[in-house]
2 protein chains.
Amino acid sequence: MREWEKHIRRVEPYVPGEQPKDRGIIKLNTNENPYPPAPGVLEALKRLEGEGLRKYPDPAAADLTEALAENYGVGTDQVFVGVGSDDVLAMCFLTFFNSKKPILFPDITYSFYDVWAGLFQIPFERIPLDDQFKIRPEDYKKENGGVIFPNPNAPTGLLLPLDQVEEILEANRDVIVIVDEAYIDFGGVSALSLIDRYDNLLVVQTFSKSRSLAGMRIGFAMGNPQLIRCLQDVKYSFNSYTMNQAAIAAGTAALADRDYFERTRKKIMDTREKARRELRKLGFVCRDSAANFLFVTHPDCPGEELFLALRQAGIYVRYFNKPRIDQYLRITIGTDEEMEALTAFLKKYLEERGGTPHGNV
Amino acid sequence: MREWEKHIRRVEPYVPGEQPKDRGIIKLNTNENPYPPAPGVLEALKRLEGEGLRKYPDPAAADLTEALAENYGVGTDQVFVGVGSDDVLAMCFLTFFNSKKPILFPDITYSFYDVWAGLFQIPFERIPLDDQFKIRPEDYKKENGGVIFPNPNAPTGLLLPLDQVEEILEANRDVIVIVDEAYIDFGGVSALSLIDRYDNLLVVQTFSKSRSLAGMRIGFAMGNPQLIRCLQDVKYSFNSYTMNQAAIAAGTAALADRDYFERTRKKIMDTREKARRELRKLGFVCRDSAANFLFVTHPDCPGEELFLALRQAGIYVRYFNKPRIDQYLRITIGTDEEMEALTAFLKKYLEERGGTPHGNV
């Protein structure tokens, strides 16, 4: 081993879902929105000029920050933007989780949390979900260095009601609590209404799901101005200009079209409920979801087998080979047509395999 | 103080140059290119489709990585891309500078280095430039945890000849050495030719200066495949998708137009030499520059006074209120017209002020 190799940071990177280039694939593996962004987004990108691009972007991304503040009814000093919610969350971990006590998050959750903890050498403790995959607020009433959980949780899709979010906040006034609301627009109730009462609360959201802009990498946090200032300071110590001009323009334009946002997220929720009924008819266990995905398991067929069979058929879903969830598939909600192709394939596959489809479980 | 405030990371953020929105300003303060990016860049941005934007970008940014590999004659496994060279350098600090020994960099240099060291709690030592503002390779022959310097250096603009870069490398085989070549295309000789011989060398460059794409935030590192893999691992532990689709498309298109690149950088070098002669006529001390800026001082007029007078006149340059350089201005090379406006103003200002412009110093 070379001497310099000894001082390289050792990490276990997060593994994102595949991004196949083949356009024939039905891609239900990374919780992308099946609909394109609002038409104004492409128009905004077309308006970018060479004279602008040669210059650095506004380091404060004021256009985007102001549009977010207006959209969510908060002050511009309560908004922080980043390169997707992953960037925002990474900055949060770096900024706020610096005690020696472990941070807490669910055992089944977004698998980036333990990666960031590893990267920044933050001690952590995984709190098991109950046997219905629910977060129990009472489990978060112990000494800790911070709390983070997605709501709705991923990959389960289950929503924690706002009073239970508040119960966790009430019990954790001494640490930063981050509610990661990447999927909140698909049927959840945001904790945003609590940021004025809990100065230790950060609500993190993204443009990647409900605003169809995964390709532009835009995420944001909302919280009290002091927290936002601390995040800004760390961000300005890392990279002065994280948001490029295209991202600022696209994000601002996406927020301007509220009608498109409402229509597409409602469509996805409708498709989700239809797909859920169909999957239950095929014998899948398929709990409530407040996200743009379903988390399903079939009592007669191993999760990995289904994952591979679907993949073979050109239908990509997500499979996590992890304790407690290794029989499950996470299926992103696509268009009605895509979900029909999925259920048609599964129906045929399960029939040919010999398992008997049965009623609701 | 609230309990949670005790565990917030304390930092001294980097302060970027101003980005005034007023288009009437002559902006020579952030080393941007005065010319727009190659025409193909805007065309590439116009080709972005909603169907693409709804999906995550390619996490490996393969199009851009391949174009860079081809352009610089290296393997794709020798290239790492990020959100501007600031992001690339931040990732390098996080990945490679983890020993307990201090990293070394010049006392007068890019002022982000000590900010990153502070952010990641990396010990560092500032090595004084000589009294001609030159880097002395012999000063870097001491025990350390890593070495980083810009070449040409900023804000001095001075180039370290390749044999002296190699002298530093030769003396530092046990640590990672980063040569930050943000300005190399304006007359320097890159250390890229050394990456096969020195497996501990990383060469970092950017699209923000010579490729007129500051607004899109694209930087890259080149080095041996093992170093690049380590950087990738840390990057994938921070944010899976740092490069948005617009940045990938714009960067790839910029590389495709080599002729435009050659013409614009040559134009800037010509303008620089012309401006340098004019400034010397006005009595400025103005050393050689291999960058797209000049670092100047006037024996009869304080740097800060000149900075403020220029600002008042709508001409923004950069002033650093720091030891050894507080009488200097860093002036970005703009168009010929912009540089003529600058020198015309300075001539008039110095005349009216009563100092007698005199010859070369």
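Residues numbered from 1 in each chain as written. Chains lettered and ligands numbered in written order. Predicted model: local features only at pLDDT ≥ 70, side-chain atom pairs only at ≥ 80, totals over all residues. Heavy atoms only, no water.

(A) A look at the overall build of chain A. When its secondary structure is counted, chain A shows 11 helices and 13 strands. Relative to its length of 361 residues, chain A is compact, with a C-alpha radius of gyration of 21 Å against a globular reference of 21 Å. For chain A, the C-alpha atoms occupy an extent of roughly 60 × 55 × 50 Å along the three principal directions. For chain A, buried positions account for 63% of its 361 residues. Expressed as a percentage of contacts within chain A between residues at least 6 apart in sequence, the contacts between residues at least 24 apart total 72%. In the form shown here, chain A has an accessible surface area of approximately 13400 Å², with 49% of it arising from carbon and sulfur atoms. Averaging the coordinates of the 45 positive side-chain charges in chain A and doing the same for the 52 negative ones gives two points 3 Å apart. (Helix = DSSP H or I, 4+ residues; strand = E, 2+ residues; numbered from the N terminus. Rg over C-alpha atoms; globule rule 2.2 N^0.38 Å. Buried < 20%, exposed > 50% of the residue type's maximum accessible area, 1.4 Å probe, protein only. Contact = heavy atoms within 4.5 Å. Areas by Shrake-Rupley, 256 points an atom, 1.4 Å probe, with all protein chains shown as cover. Lys, Arg positive; Asp, Glu negative; His and termini not counted. Charge placed at Lys NZ, Arg CZ, Asp CG, Glu CD.)

(B) Just the sheet that holds strand β12 (residues 318-319) of chain A, in detail. Residues and elements named next belong to chain A. Sheet architecture is open: four strands sit in the order β9-β10-β13-β12, paired in antiparallel fashion. Edge positions in the sheet fall to β9 (285-286) and β12, since each of these pairs with one other strand and no more. Of the strands in this sheet, β9, β10 (293-297) and β13 (328-332) are in contact with helix α9 (residues 258-281), which crosses β10 at around 10°. (Pairing = 2+ DSSP bridges. Axes fitted to C-alpha atoms, helices over the stretch in contact; angles between N-to-C directions.)

(C) The arrangement of the packing of helix α4 (residues 84-96) of chain B against helix α7 (residues 225-236) of chain B in detail. Residues and elements named next belong to chain B. Running from amino to carboxyl end, α4 crosses α7 at an angle of 100°, the nearest separation of the two axes being 9 Å. One finds that α4 runs roughly perpendicular with respect to α7. Together, Met91, Cys92, Leu94, Thr95 and Phe96 of α4 and Leu227, Cys230, Leu231, Val234 and Lys235 of α7 make up the contact between the two elements. Of the residues contributing to the contact of α4 with α7, the split by class is eight nonpolar, one polar and one charged. (Parallel < 35°, antiparallel > 145°, perpendicular 65-115°, else oblique. Nonpolar A, V, L, I, M, F, W, Y, C, P; charged D, E, K, R; others polar.)

(D) Summary view of the UniProt feature "domain: Aminotransferase class I/classII large" (unreviewed entry) in chain A. Feature annotation in UniProt places "domain: Aminotransferase class I/classII large" (unreviewed entry) on residues 25-343 of chain A, given in this structure's numbering. End-to-end, the C-alpha atoms of residues 25-343 of chain A are 15 Å apart, and along that stretch the chain is 37% helix and 15% strand. (UniProt positions renumbered as here; feature names shortened; annotations may be inferred.)

(E) Structural detail: the side chain of A:Ser99. As for its placement among the helices and strands, A:Ser99 is situated in the loop between α4 (84-96) and β3 (103-106). In this structure A:Ser99 comes out as buried when scored by relative accessible area, which is 10%. Among the polar contacts listed, one links the side chain of A:Ser99 to the backbone nitrogen of A:Lys101, at a separation of 3.1 Å. The contact partners of A:Ser99, leaving out residues within four places of it in the chain, are A:Pro123, A:Gly145 and B:His7. (Polar contact = N/O pair within 3.5 Å; in protein donor to acceptor, adjacent residues only side chain to side chain.)

(F) Quick peek at the pattern of salt bridges. All names here are of chain A. One pass over the structure, following the stated rule, counts 50 salt bridges over all chains. Across the pair glutamate 351 and lysine 347 runs a salt bridge, and its minimum N-O distance is 3.2 Å. Of the two residues, glutamate 351 and lysine 347 both sit in helix α11 (residues 336-353), four residues apart, roughly one turn of that helix. Through salt bridges that share partners, Arg272, Glu273, Arg276 and Asp288 make up one connected network. (Salt bridge = Lys/Arg side-chain N within 4 Å of Asp/Glu carboxyl O.)

(G) Structural context of helix α3 (residues 62-72) of chain B. All names here are of chain B. With respect to burial, α3 is a largely interior element, eight of its 11 residues being buried. What α3 keeps buried is the set Ala62, Leu64, Thr65, Ala67, Leu68, Ala69, Asn71 and Tyr72. Structurally, α3 contributes buried residues whose contacts are with β2 (79-82), β7 (201-206), β8 (219-223), α8 (245-256) and α9 (258-281).

(H) The arrangement of empty space enclosed by the protein in detail. Within the structure shown, the criterion is met by 12 cavities of 30 Å³ or more. The computed volume of the largest cavity comes to approximately 310 Å³. If you trace the largest cavity, you find 24 residues lining it, with A:Tyr56, B:Tyr14, B:Tyr110, B:Tyr183 and B:Lys209 closest to the centre. Residue classes in the lining of the largest cavity are distributed as 10 nonpolar, eight polar and six charged. (1 Å grid on protein atoms, 1.4 Å probe; cavity = no way out; pocket = protein on both sides within 12 Å on 5 of 7 lines; lining within 4 Å. Points joined across faces, edges and corners; volume = space filled by probe spheres on them.)

(I) Structural context of unusual backbone geometry. Each neighbour pair has its own omega, and for A:Asn151 with A:Pro152 the value is -5°, a cis peptide bond. Assignment of secondary structure puts A:Pro152 in the loop between β5 (147-150) and α6 (162-170). In this structure, A:Ser212 takes a positive phi of about 60° despite not being glycine. Locating A:Ser212 in the fold gives a position in the loop between β7 (201-206) and β8 (219-223). Its identity as a non-glycine residue notwithstanding, B:Ala61 has a phi of 45°, on the positive side. Structurally, the position occupied by B:Ala61 is in the loop between α2 (50-53) and α3. Classification of B:Ala61 by relative accessible area gives buried; the value is 1%.

(J) Highlighting the UniProt feature "modified residue: N6-(pyridoxal phosphate)lysine" (unreviewed entry) in chain A. In the numbering used here, UniProt assigns the feature "modified residue: N6-(pyridoxal phosphate)lysine" (unreviewed entry) to A:Lys209. Relative to the helices and strands, A:Lys209 is located in the loop between β7 and β8.

(K) Local environment of the relation of the copies chain B and chain A. Relative to chain A, chain B is turned by 180° and slid 0.0 Å along the rotation axis, the superposed coordinates differing by an RMSD of 0.0 Å. The superposition operator between the copies reduces to a two-fold rotation axis. Looking at the rotation axis and the C-alpha trace of chain B, the residue lying nearest is B:Lys46, at 2.7 Å. A share of 100% of interface residues in chain B that are also interface residues in chain A marks the association as one of identical surfaces. (Least-squares fit on C-alpha atoms with pLDDT ≥ 70 in both.)

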